[in-house]
Amino acid sequence: MIKINNLTKIYHTPTREIVALEKVDLEVEKGEIFGIIGLSGAGKSTLVRCINMLEKPTEGSVIIDGTDITGLTSRELLSARQKIGMIFQHFNLLSSRTVFGNVAFPLEIAGLTGGKIKDRVGELLDLVGLSDRAGSHPSQLSGGQKQRVGIARALANRPKILLSDEATSALDPQTTGSILELLKDINRRFNLTILMIAHDMNVIKRACDRVAVIDRSRIVEVGKVIDIFSNPQTAVSRNFIGSVIDKEVPEHLLQCSNRQRPGTITRLIGVSFIGDSTGKPLISSMIKKFDVDANILYGNIDHIKDIPFGHLVLELTGEPGQVAGALDYLCGFGLEVEAIDSV
Amino acid sequence: MFDPGAYSWMAEKVLVATWETIYMVLISTSLSYIVGLPLGVVLVTTADRHILENRGVNRVLGYIVNAVRSVPFIIFLILIIPLTRIIVGTSIGTAASIVPLTLAAIPFVARLVETSLKEIKWELVEAALSMGANAWQVISKVLLPEAMPSLSLGVAITAINLVGYSAMAGIVGGGGLGTLAYYYGHQRYENDIMWVTVIVLVLLVQLVQMGGDALAAKISNRRR
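Thresholds, definitions, all that
Residues numbered from 1 in each chain as written. Chains lettered and ligands numbered in written order. Predicted model: local features only at pLDDT ≥ 70, side-chain atom pairs only at ≥ 80, totals over all residues. Heavy atoms only, no water. Helix = DSSP H or I, 4+ residues; strand = E, 2+ residues; numbered from the N terminus. Buried < 20%, exposed > 50% of the residue type's maximum accessible area, 1.4 Å probe, protein only. Contact = heavy atoms within 4.5 Å. Areas by Shrake-Rupley, 256 points an atom, 1.4 Å probe, with all protein chains shown as cover. Lys, Arg positive; Asp, Glu negative; His and termini not counted. Charge placed at Lys NZ, Arg CZ, Asp CG, Glu CD. Axes fitted to C-alpha atoms, helices over the stretch in contact; angles between N-to-C directions. Parallel < 35°, antiparallel > 145°, perpendicular 65-115°, else oblique. Left-handed = near helix turned anticlockwise from the far one by under 90°. Nonpolar A, V, L, I, M, F, W, Y, C, P; charged D, E, K, R; others polar. Phe/Tyr/Trp six-rings, centres within 6.5 Å; stacked < 30°, edge-to-face > 60°. Salt bridge = Lys/Arg side-chain N within 4 Å of Asp/Glu carboxyl O. Buried area = accessible area lost by both parts, 1.4 Å probe. Domains from an automatic or database assignment. Polar contact = N/O pair within 3.5 Å; in protein donor to acceptor, adjacent residues only side chain to side chain. Pairing = 2+ DSSP bridges. Core = buried A, V, L, I, M, F, W, Y, C linked by side-chain atoms within 4.5 Å.

Let us now look at the overall build of chain A. For chain A, the count of helices and strands is twelve helices and 14 strands. Along the longest, intermediate and shortest principal axes, the C-alpha atoms of chain A span 85 × 50 × 35 Å. Within the span of chain A, comprising 343 residues, buried residues form 52% of the whole. When contacts within chain A are restricted to residue pairs at least 6 apart in sequence, those whose partners lie at least 24 apart make up 71%. For chain A, the exposed area adds up to about 15,700 Å²; of that, 48% sits on carbon and sulfur atoms. Taken together, the 39 basic and 40 acidic charged side chains of chain A have centroids lying 7 Å from each other.

Residues and elements named next belong to chain B. The contact between helix α6 (residues 122-130) and helix α7 (residues 135-146) brings their axes to 10 Å, and the two run at 155°. Between α6 and α7, the angle is such that the two are roughly antiparallel. The way α6 lies across α7 gives a crossing that is right-handed. Contacts between α6 and α7 involve L124, V125, A128 and L129 from the former and V138, V142, L143 and E146 from the latter. For the contact of α6 with α7, the residue count by class is seven nonpolar, no polar and one charged.

Once that is clear, we can look at the packing of aromatic side chains. Applying the stated criterion across every chain yields a total of five aromatic pairs over all chains. Note on F229(A) and F309(A): the rings are 6.1 Å apart at their centroids and 70° apart in plane angle, and the pair reads as edge-to-face. Of this pair, F229(A) sits in helix α8 (residues 225-230) while F309(A) sits in strand β13 (residues 307-318); the two residues are 80 residues apart in sequence, bridging distant segments of the chain. Note on W19(B) and Y23(B): the rings are 6.3 Å apart at their centroids and 45° apart in plane angle, and the pair reads as tilted. Here the residue W19(B) and the residue Y23(B) both occupy positions in helix α1 (residues 4-45), the gap between them amounting to four residues, near one helical turn. W19(B) gets classed as exposed once you look at its relative accessible area, which sits at 53%.

Bringing the pattern of salt bridges into the picture now. All told, the structure shown has 21 salt bridges over all chains when counted by the stated rule. A salt bridge links K141(B) to E108(A), with the nearest nitrogen and oxygen atoms 2.6 Å apart. Of this pair, K141(B) sits in helix α7 while E108(A) sits in helix α3 (residues 99-109), placing the two residues on different chains. Salt bridges sharing common partners tie together K9(A), E55(A) and R49(B).

Before going further, it helps to spend a moment on the interface of chain A and chain B. Each partner contributes to the interface: chain A provides 25 residues, whereas chain B provides 21 residues. Summed over both partners, the interface of chain A with chain B comes to about 2,000 Å²; 55% of that surface belongs to carbon and sulfur atoms. Broken down residue by residue, the surface that chain A buries against chain B is led by N92(A), F105(A) and I109(A), which jointly contribute 25%. On the surface where chain A and chain B come into contact, there are three salt bridges. Its salt-bridge partner being E126(B), residue R49(A) comes within 2.6 Å of it at the nearest N-O pair. Looking at the side of chain A that touches chain B, the elements that each hand over two or more residues are α2 (74-81), β6 (84-88) and α3 of chain A. The dominant element in the side of chain A that touches chain B, judged by the number of residues it contributes, is α3(A), at four residues. In terms of residue class, the side of chain A that touches chain B is made up of eleven nonpolar, eight polar and six charged.

Let us look at the domain arrangement of chain A. Residue and element names in this part refer to chain A. Splitting chain A by domain gives domain 1 (2-242) and domain 2 (251-342). Using C-alpha coordinates to define each centre, domain 1 is positioned 41 Å away from domain 2. Taken residue by residue, the interface counts 13 residues in domain 1 and nine residues in domain 2. Approximately 860 Å² of surface area, both sides summed, lies buried where domain 1 meets domain 2, with 60% of it carried by carbon and sulfur atoms. Three residues stand out in domain 1 for area buried against domain 2, namely K205, I226 and S230, and they jointly supply 59% of the buried area on that side. The interface formed by domain 1 and domain 2 contains two salt bridges. The salt bridge involving D302 is made with K205; its shortest N-O contact spans 2.9 Å. Along the contact surface separating domain 1 from domain 2 lie three residue pairs in polar contact (both at pLDDT 80 or more).

Another aspect to go through is the sheet that holds strand β1 (residues 2-12) of chain A. Residue and element names in this part refer to chain A. The strand order across the open sheet formed by four strands is β2-β1-β4-β5, and the pairing between neighbours is antiparallel. Strands at the two margins of the open sheet, each flanked by one partner only, are β2 (17-28) and β5 (67-68). Both β1 and β2 contribute to a ladder of eight bridges, which runs antiparallel. Across the sheet, residue I10 finds its bridge partner in β2, namely V19.

All names here are of chain A. With five bridges joining them, β1 and strand β4 (residues 59-64) adopt antiparallel strand pairing. By the bridge assignment for β4, I4 is matched with V62. With two bridges joining them, β4 and β5 adopt antiparallel strand pairing. Residue pairing in the sheet places I63 in a bridge with D68 of β5. Between β4 and β5, which pair antiparallel in sequence order, lie two residues; one of them, D65, sits at a positive phi of approximately 55°.

A few words now on the packing of α3(A) against helix α4 (residues 114-127) of chain A. All names here are of chain A. Running from N to C, α3 and α4 point in directions that differ by 120°, and their axes come no closer than 9 Å. Between α3 and α4, the angle is such that the two are oblique. Classified by chirality, the crossing of α4 by α3 is right-handed. For the pair α3 and α4, the contacting residues are V99, F100, V103, A104, L107 and E108 in the first and I117, K118, R120, V121, L124 and L125 in the second. Class assignment of the residues belonging to the contact of α3 with α4 gives a composition of nine nonpolar, no polar and three charged.

On to the nonpolar core. In globular proteins that are soluble, nonpolar side chains generally tend to be buried together. All names here are of chain A. I4 and L47 are the most contacted members of the largest nonpolar core, which totals 56 residues. Residues in contact with I4, not counting those within four places in the same chain, are V24, D25, L26, L47, I51, S61 and V62. Formed by 53 residues, the second largest nonpolar core is a distinct cluster that contains I151, A154, A167 and I186.

Moving on, we get to the environment of L215(B). Residue and element names in this part refer to chain B. As for its position among the elements, L215 is in helix α10 (residues 191-222). The partly exposed category is assigned to L215, whose relative accessible area is 44%. For the pair formed by L215 and A156, sequence separation is 59 residues and the distance between their alpha carbons is 9.7 Å.

This is the structure in structure tokens:
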């Protein structure tokens, strides 16, 4: 759907050159929700603006649905942009227009008139649940409602792609959740490709299928969100994940390994499980099969998009052979098992 | 001392002069916006990184606007008398005053409009561009409507300035309250006329300002 090749963006200031993007390659599939995460200034805003040419790339190409949009004439670009919706952190609604007028705006741009505009705006407001606010002005709406108007406006011309520029960053956590659910719903219903930039891994975790991590103008890691969470390859990714999932076991828990019987050993292990295995009673079946005591010191289960993802810290006590067997048993289910040094 | 005849004569003079002033201000304000508004839009949109970025046009217009604005109005008035004669055929009277008033107000209006439009957040322009809006649509559907409260205050400021300028034009025979105050009040030492003129000018300015404020508030309130 979107294919970005060797994209470079350099800003020239009177005193120096600022490289905002450096040789970025990226491919976004049709119908997926693709996240781009990075710290402020990493280049993610520039990247998303190169996709609808609000920023003109210095080098490289952006191919959307087979068309290289960097090679379009300015007239062609205007109609291409009608098929790329965009939503913004601060909503960017026109205060001079009502909710209806704001959603009608892109339709007017596309050359629609009277009755057609009215029908389409009605559909869109229905979609985002704001049919009763058509006559309100943006200043009368809450942040979440404003973003819903933004979403309705972005979808007006039935775009192929929706670009989201930190669309939930100015919202409280609860509203963020409802906006992300709306975006996921729209993605499913219309098979709409969504490219979402965020600095908050929670947003990526809840909504995205795949993610690219951008750091200092470069893409450093791309993959399924679940893979990046379970096995991050770079320090930047680990930092982002650390902000969401706390794998660090509190120290006082590590100190309570005490019930040592003669001839037994105690092992502290971390177990990570993803998807299907979350639903199975693996720990209890392990205890039945092997003569070990399992003490759960710490655990959490989270969801990445809709896939459960969990982490447990277990204290296994038993004869060395039994403990080793239990560990192999767990590994056999595809769980990721790691030893933790006890204090 | 009290002579009703003298006062009704004065009342008539003041009324006629007030109407002449209002007429000059209305016409020159309207004409100056016909040219100044597009000029202000061009000043904003041809600036660096804006929708019609054009450094040459922006610089040249900026210099012209600054040059005209830096000439004191009383000098400007005399300076363009030949031009006024070409346009209206005479250099005295209200019609003749409208020429220098309008020409002096155009660059002033352009800067006011520029300032109003610059208050509009770039993000709104960017949002419109992302939807495929062209430059004309950005100007007519985003910049001007969004800036409307501020633009209407600008109209009031322009009209008030022109009330003052028209009085100056009056001194060199431009008609209106300026002429009245100068000929009768100053040269013939009729202090009554002088004071009445001042009071009428103050009221006029108050009314224009209140009108502008009310209009801006009305537009803003409708958006609240």
